[in-house]
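What the coordinates show
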Amino acid sequence: MPNESNTIKKVAVIGAGVMGSGIAAHVANAGIPVVLLDIVPEGAENRSVIAEGAVQKLLKQKPAPLMHKRNAKRITTGNLEDDLELVADCDWICEAIIEQVAPKHDLYKRLDGVRKQGSIVTSNTSTIPLNKLVEGLPESFARDFAITHFFNPPRYMRLLELVADEKTRADAMDALRAFGDVALGKEVVDCKDTPGFIANRIGIYWSYTALSAAYDFGLTVEETDSIVGKPMGIPKTGIFGLIDLTGIDLAPHVNASMLDLLPDSDPFCQAFREDHPLNAQIMKMIGEGYTGRKGKGGFYRMVKDNGRRSKEALDLTTGEYRPTVKAKLASAKAAKKGLRTLAEYDDKGGQYAWHVLSRVLSYAAMLVPEISDDIVSIDNAMKTGYAWKYGPFEQIDQLGTEWFAEKLEADGLPVPEIVKVAAGRPLYKEEGETAYYLTLSGDYAEIAVDEGAWMLADKKRGRERIDGNKSASLWDIGDGVVCLEFHSKMNSIDAEMTEMLAKAAKIDKKGYKALVIGNDADNFCVGANIGVALFAANAAMWPVIEQAISALQNALMALKYAPFPVVAAPAGMALGGGCEVVLHADAVQPHAESYMGLVEVGVGLLPAGGGTKELTTRAIMNPKRPGGAMPAIASVFEAISTAKVATSAEEARDMLIVRPGDTVTMNRTRVLPDAKAKALALAEDYTAPEPVEISLPGATARAAFDMAVQGFVLQGKATKYDSVVSAAVANVVSGGDTDIKDVITEKKLLQLERDGFVSLIKNNATLDRIEHMLTTGKPLRN
Amino acid sequence: MKNVVICEFKRSPFTLANKGALAKVRPDDIVAQVTKNLVETSGVNGDDVEDVIMGCSFPEGEQGFNVARIVALMAGLPQTAAGTTVNRFCGSSMQSIHMAAGAVQMNAGDAFISAGIESMSRIPMGGFNPAPNPALYESGSQAYVSMGVTAENLAKQYDISRDDQEEFAVLSHKKATAAQADGKFDDEIVPIVQGNNRVEQDGCIRPETSKEGLADLKLAFDESGSVTAGTSSPLTDGAAAVLVCSEDYADANGLKKLARIKSISVAGCAPEVMGIGPVPATRKALERAGLELGDIDIIELNEAFAAQALAVIRESGMDMDRINLDGGAVAMGHPLGASGARITGKAASLLKREGKQFALATQCIGGGQGIATVLEAC
């Protein structure tokens, strides 16, 4: 949420194409009203048809650009001829129209006539230098002008590159920086006015190098992606999969614009060969409509044969499609031991990997200080703009600066200045509680940690944990607040984690006054470790299973009723047991991109860590619910029995997982700081919640739920066993053997959860579901 | 015994629930406007109205608080006119006509407004707080069976193919489309006005309905069945009302007479084939009227589902050419509580329009019932 110092209260986006509408959607996600304008198409009856159509698309697009459908209401649509006045009260006007200087200049002149004094105007250009954009425009305009370069899709790609020149007002940049960071949740990186700024400058070179070299080294598409994929810290699609996703037709455009903007001496211009066979192949594919996943297919395509879908890959030498063949390069396996093992591995995969690394990492390194004075900005840009797991300088450290320099020299390649300056020292180092990076001067500079924006790693550095085991740890994060960190495999809940949850409920004994539950992983917690559950069930260790469930319930209840505040700080997935942890906190401070839900029925179980109890009591006690218990508990029954997952923190509000007093953090690096601040605020005059007592309808509700479920079974929307699992869920949600005039306690609901859980896990169909999930990662519909 | 006549028939446009033009209009507002118009058009003296009898399947929320009394007051009837709400699910407002007829013959009043209302947009089918009796449900009783399943059961029992159902649905839309185009609904429809929103056209009829189009629809209730949304009546918002009087009163006050009520009946049947309810109900009503099915010129058979209507037609041997001349509920829509008054009022006005002697209006009812009314020309 925007903080109070935010000076940008209303935004306009001009140009309702993919980027413009995506930026507008994300501004709306931040809770800020936004005007979206585009041109009037020739002869159009509805003169605002482009912007209006763009909003309709936003509502349908997947992955969803809007965090909640109702956010679309914050977007006011119009056209540039009738509605230009709408920008008059906007604090920031973002231009995202066609990448040509003349139409942009035209637009800027018109905007300058209506915009209010002191408003900021930016371009989302990815290719046009700032100095060209303001050429010939009044000084007063140039002072308010900058480049804000978003990455597609704007909701999900974290990088926002900012470019100013010497005329741009410093306070305008401060406002953009703050808005981009806090309101939009972006990793804001200040860039210089150089071609492609940071991320595309390196990314385009990387993409061309990796793709063309794959052909040159005689690698298949699958082999390439098995190297330039997980082993090199690239999203698991691999690089061919990635350009299928972003659109193959984009490649010639971005290559051409970089060639045009860069001096001939630049390594990209030197390396680029128009007549490279892969370029010819790409042009042929575009001509035939093979533009990637949005078109007929790309380097991969899905084909349907007799109703069966199968995947094919392009043979790079013949240009024909063939069934995919799993890559089996030994180097890809060896890469588990580290990047250097991969680069040293003596097969074509290893040689290829070294070729790509040597070129790309050197290129990035030699661009210091041309594109940025510090290596941290470059690493951050690549990590958040191209989803690299490690930035180029972090990768050089993985290889070792000395080894890297020697190997470059051995290959007759130039050694970049920053690597020379390192002289064998790492580019990053940690001393005590501080982290440092190397500068071109040869000195290390401190990486400052902003008190409002940090990850748990920043608080752990150089410190000992208060307590912990292999699955979870307790950390002192200052001011009397403890952070409970999960770090088991995939952050799944096991006995050790339960033990730490229980210990976390007693931190007041050690003088602490609040607890935050959060971690730095991509996913907060994916649920219980079902492998352990399956093992226990196969050995018929029923008391052990029940004991484990009881322990989790007790730990979470202890946290809920602890004499100090507990704030959950989820980000990414918080599923099953992870969602139950969130549900037992006094408050949630979720990252906007949190995906929460009780998904246990997927493995034939019901939420028995108190999750069913918690959602049911919340629904019944919700002051906004309509009269009668049924609508309230029916929504809970539906959510649990269909394993519904909220696809944003805002959607989790509708499911009562996020409550009215909870606020959402847009920037991932601000989640824990915001959670800590909330915990401290709650700690003033904190009293534990009163025990909950509610009334539930009992048998009549079970009958009503069963009627609905049987209808779904008949329609083929639910399986026979779904109805068994649903019945167990219904038994808890309806209160078991109770009557609407009776009062039931949380204790009773927890007992119902345990009974239901144990009855289901004794069923072979549940075990089949668990086994199937463990082996395939997908739910079994039995 | 006094003769009972239907003097006037009015209804609101019938529009699709949730997406139609009446979705945002309260049901009491809809039926109050229809009732007011009925009183004005008929010329009945409000002081003479004994009772407003309102059929409604889910009389709660905006249809609650004894909505009949609320509507009487909203429609500007004098406070001396009483109001009662009755529920026989889909047969509710035909039941309200039967109750008026019975009261007239008991000498318990001369003028009655028999109306029906259902906003399926605003009050969900099943109500806001469904609470079935768990013991009855667990006993295996089909009392709460879903309506779609009953249609599937009849399709199986009477071997009614999906193709047959689709042909029936196409015909229903065709008749309704033609009637709409020829202005045959103009006299019966009361435009509903709310602020700037004026609704005067039926919204459920799809003139473009074709067998090819229907064949593409997914099965709605049973993945191995034959019933689709296209061969079911849609969820609908709407209201209907008739003025029921003693014939003596109508004559003395110079009121128009559409038809005389000759006999009435209700009948129970198995809940899982509730759609067949019109068969026993019709049999009883005809017997009480001393008529044979062949004597009936005009039939209004409520089309809850094409399969259900076809099952009734086949079982009782009805003549397709006499049924639902202006289209049935598959095309028109089926606002549960309002349909009985619509088809009975329709049958009465068709007798007059077509110059025929006898008419039958009949409906199936969830839970396993049928209801029927036999009318004769005045």
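As a starting point, this report considers the structure included with it. (Residues numbered from 1 in each chain as written. Chains lettered and ligands numbered in written order. Predicted model: local features only at pLDDT ≥ 70, side-chain atom pairs only at ≥ 80, totals over all residues. Heavy atoms only, no water.)

1. Let's talk about the overall build of chain B
Per the secondary structure count, chain B includes 12 helices and 12 strands. For chain B, the C-alpha radius of gyration of 19 Å lies close to 21 Å, the compact-globule estimate for 378 residues. Seen through its principal axes, chain B has C-alpha atoms that stretch 60 × 50 × 45 Å. For chain B, buried positions account for 58% of its 378 residues. Residue pairs at least 24 apart in sequence account for 81% of intrachain contacts in chain B once pairs closer than 6 positions are excluded. Just so you have it, chain B exposes about 14,000 Å², and 48% of that area is on carbon and sulfur atoms. Within chain B, the 47 negative side-chain charges are centred at a point lying 2 Å from the centre of the 33 positive side-chain charges. (Helix = DSSP H or I, 4+ residues; strand = E, 2+ residues; numbered from the N terminus. Rg over C-alpha atoms; globule rule 2.2 N^0.38 Å. Buried < 20%, exposed > 50% of the residue type's maximum accessible area, 1.4 Å probe, protein only. Contact = heavy atoms within 4.5 Å. Areas by Shrake-Rupley, 256 points an atom, 1.4 Å probe, with all protein chains shown as cover. Lys, Arg positive; Asp, Glu negative; His and termini not counted. Charge placed at Lys NZ, Arg CZ, Asp CG, Glu CD.)

2. Notes on a positive patch on the surface
Judged by side-chain charge, Lys230(A), Lys326(A), Lys328(A), Lys333(A), Lys336(A) and Lys389(A) come together as a positively charged surface patch. Mapped onto the elements of the fold, Lys326(A) is located in the loop between β11 (321-323) and α13 (330-334). (Patch = residues over 30% accessible without salt bridge, like charges linked within 9 Å, V, L, I, M, F, W, Y side chains within 5 Å. Salt bridge = Lys/Arg side-chain N within 4 Å of Asp/Glu carboxyl O.)

3. Some remarks on the environment of Leu310(B)
Residue and element names in this part refer to chain B. Along the chain, Leu310 falls in helix α10 (residues 306-316). Linking Leu310 and Gly268, residues 42 residues apart in sequence, is a C-alpha distance of 19 Å. The contact partners of Leu310, leaving out residues within four places of it in the chain, are Ile160, Asp164, Gln165 and Phe168.

4. Description of the interface of chain A and chain B
Contacts between chain A and chain B engage 16 residues on the former and 13 residues on the latter. Between chain A and chain B the total buried area reaches about 1,200 Å² when both faces are included, carbon and sulfur atoms providing 61% of it. For the chain A face of the interface with chain B, the top three residues by lost area are Thr700(A), Met707(A) and Leu714(A), together amounting to 41%. At the surface where chain A touches chain B, the tally comes to zero salt bridges. Contributing elements (two or more residues each) for the side of chain A that touches chain B: α26 (629-641) and α29 (699-715) of chain A. (Buried area = accessible area lost by both parts, 1.4 Å probe.)

The analysis is restricted to geometry; functional conclusions fall outside its scope.
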